[in-house]
Amino acid sequence: MYGFINTCLKSLVVEKFGEETWVKLRDEAGARDTFLTYEVYKDEITIQLVSAACTLLGAKPEVVLRQFGEHFFEFCKRSGYDHMLRTLGGDLFEFTENLDALHSYLALSYKEMNAPSFRVERNPDGTMLLHYYSDRRGLCHIVPGIIGAVAKDFFNSEITMEIVNQLEELERTGKKEHVVFLVTQWPAVAAARSSVASSKTGPFPRTRSLQPLANSCNAMIWIKEAVHPKRSSISFSMNRSHWETIRGLVRLGKGKLLRGFEPVYPMTLNIDLKTFCHAFPFHIVFNEQLVVHQAGVNLQRIVPGLQTTSIHLDQYFSIVHPEVTFTISSIRKFINSPFVLQTRRDTMPEAWKDRPMLQLRGQMIWMPSLGCMLYQASPLLRSLQELEERDMHISDIAPHDVTRDLILLNQQRLAEIELSNQLERKKEELRLLSQHLEEERRKTENLLYAMLPKHVANQLKEGKTVEAGEFRECTVLFSDVVTFTNICSLCEPIQIVHMLNSMYLRFDRLTTVHSVYKVETIGDAYMVVGGVPIPVSSHAERVANFALGMILAAREVINPVTGGPIQCCSCTALVVAFSARFRSAWVSTVVLCWQE
């Protein structure tokens, strides 16, 4: 999946549950913190994130996936796809029916996108069956979240979606995950009133259809879906007279029914065959046995085999999308989907042996009067580079075909995407460098605070000069290891290092507990001072308690020679008139001295 999907999942967790929850989820799934929009990541990363979210939040997968589907719709709108989505269809049926076309367009930018496929069937009672196909199993519960959010936002209606079938279709050659949803839709206002009535009078069945409701009296209600979200989705006309009803249906002065348009067809087709083949240079007409009856002139030039009479279309082309078998029944079943056909390499001319195969994208139109299928298509090209790789030119595409403009516009779009990729990569590099810089800064501060008093270190960091200070009185402690010289002569150097490290780690923890300051360590000598650099009246008591703590801590340090606890000797003294730079010191009283 593209990083856009994982970024959306991160956005959902951060917005709903906070940054800390995302950090836990990310660590649980073993995923990175950020994802590049146009970078392709393994599907397992997304699956692991969803699984970790279910475990961390204590929710079922279908609940998490539905929530993700709702958020994904909002995330797409915020990412600049709002207008594209709003114009996809005039109602929920048309919107869903054109999702494959939207994915086909997005594939121009997201070349490796493996999007799900949709097929819609309208039922007589106003409900519809939504067929969902995917190569990724277990993610079907995202669909109700997305479709529900679309219905509520774009069409001001509520829906229910229930799974009625999960059988694989024999026609499918790919995307084996097949789930059929029964979609029931009703206006949001009606749903709200239904819930109110339900609370007062008991359960009330919701309307399963959006058909106009009328009674035998002179009342009529037309329920319609709003095209614009700010407009009312339901218009009522109660107790209207006959002429008021007529005026609501007829456009005065024109005589055309607003809801009764009927197209006018000519008696004969006023276009000759040659003109048609030149005007639509990439079309194909074939019958139920896939026998080609006619083809566009440019397609004949690229695939000369189409000029042969009674050839079968599946000998020269294979179906790329939708992934179905190449039979007329399969094509008619998925006729509302855009079809992508690709030429077969073994039937192409010798000049095409080293070129990428030509792909056509277009619409299948069944002509029942002729018993034939019209495939009106255009070359599927994403950039000028792909045009050149197939030794084709802009002039090969009909002037009325928007593929010309699409190639040129997408060329600029691809350049913008590449620039966006570079910016995202630089942003990620800067973020990582910033993290490393922050880590090094913390290490530097910790080292500085270990060497100097904190207030002195802060003054040095700010570039200030540190003046020498004097302390009227303080308490100093010195300690060393008994027979340290003999121990050094009988042990390996690394053993001495381990012993001193073990001892000093314990002593350093005690300095924090008793709020005394460690001046320095030289060999086995350890020097601590109380009342410096922050003067306190209880400095002697603190150092004495520290010394008693050293007795207990030393018992945990092993002498590498004897295998028993080390013996530690320390001396504590009260010092008055102590200079911060240790220029002079007068020992007043020896407080404590012992040897263990």
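As the structure is a computational prediction, the values presented were derived from the model and not from experiment.

Undergrad: In this structure, what is going on with the layout of surface pockets? I would like to understand it.
TA: Of the pockets and cavities examined, the largest pocket occupies roughly 950 Å³. What lines the largest pocket is a set of 39 residues, among which Ile5, Phe72, His103, Ala115 and Pro116 lie closest to the centre. Put simply, the parts of the chain that give the lining of the largest pocket at least two residues each are α1 (3–17), α3 (43–57), α4 (61–86), α6 (99–106), β2 (128–134) and α7 (142–154). For the lining of the largest pocket, the element with the most residues is α4, which contributes 8 residues. Counted by class, the lining of the largest pocket contains 31 nonpolar, 5 polar and 3 charged residues.

Undergrad: What is the right way to read the confidence of the model for the chain from this model?
TA: In regions of low pLDDT, the predicted coordinates are not meant to be interpreted in detail. With 83% of its residues at a pLDDT of 70 or more, the chain has an overall mean of 80. At the level of individual helices and strands, the chain shows its lowest average pLDDT in strand β5 (residues 213–214), which scores 35, and its highest in strand β10 (residues 284–287), which scores 95. Scored below 50 in pLDDT, residues 200–238 shows 63 contacts in the model against residues more than four places distant or in partner chains. This stretch, residues 577–596, has a pLDDT under 50; its non-local contacts, to residues over four places away or in other chains, come to 51 contacts.

Undergrad: It is not clear to me how the sheet that holds β10 should be interpreted in this structure. Could you clarify?
TA: Two pairing modes exist for strands in a sheet, parallel and antiparallel, and in both the strands are linked by backbone hydrogen bonds. Read from one edge of the open sheet, 6 strands run β11-β10-β15-β14-β13-β12, paired in antiparallel fashion. Of all strands in the sheet, those bounded by a partner on one side alone are β11 (292–295) and β12 (317–321). Adjacent strand axes in the sheet meet at a mean angle of 30°, parallel and antiparallel pairs treated alike. Two strands pair when backbone bridges link them, and β10 and β11 are joined in this way by 3 bridges, in the antiparallel orientation. By the bridge assignment, Phe286 is partnered in β11 with Val292.

Undergrad: I would appreciate a short explanation of the sheet that holds strand β3 (residues 157–165) in the present structure.
TA: The strand order β1-β2-β4-β3 describes an open sheet built from 4 strands, whose pairing is antiparallel. Two strands in the sheet have a free side with no partner beyond their single neighbour: β1 (117–122) and β3. Between one strand axis and the next, the sheet turns by 25° as a mean value, whatever way the strands run. Bridge analysis of β3 against strand β4 (residues 177–187) gives 8 bridges, and the strand direction is antiparallel. By the bridge assignment, Met161 is partnered in β4 with Val183. Lying over the sheet, α7 contacts β1, β2, β3 and β4, oriented at roughly 155° with respect to β3.

Undergrad: Whenever I open this one, the nonpolar core confuses me. Can you help?
TA: Within the largest apolar cluster, 60 residues are counted, with the highest numbers of intra-cluster contacts made by Leu92, Leu130 and Phe181. Among the elements that take part in this core, α4 stands out by supplying 9 residues, more than any other. The contacts of Phe181, once residues within four sequence positions are left out, are Met128, Leu129, Leu130, Tyr132, Cys140, Val143, Pro144, Met161, Glu162 and Ile163. Residues Phe282, Val303, Leu306 and Ile397 belong to the second largest nonpolar core, which totals 38 residues.

The rules we used
- Residues numbered from 1 in each chain as written.
- Predicted model: local features only at pLDDT ≥ 70, side-chain atom pairs only at ≥ 80, totals over all residues.
- Heavy atoms only, no water.
- 1 Å grid on protein atoms, 1.4 Å probe; cavity = no way out; pocket = protein on both sides within 12 Å on 5 of 7 lines; lining within 4 Å.
- Points joined across faces, edges and corners; volume = space filled by probe spheres on them.
- Helix = DSSP H or I, 4+ residues; strand = E, 2+ residues; numbered from the N terminus.
- Nonpolar A, V, L, I, M, F, W, Y, C, P; charged D, E, K, R; others polar.
- pLDDT = per-residue confidence, 0-100.
- Contact = heavy atoms within 4.5 Å.
- Pairing = 2+ DSSP bridges.
- Axes fitted to C-alpha atoms, helices over the stretch in contact; angles between N-to-C directions.
- Core = buried A, V, L, I, M, F, W, Y, C linked by side-chain atoms within 4.5 Å.
- Buried < 20%, exposed > 50% of the residue type's maximum accessible area, 1.4 Å probe, protein only.

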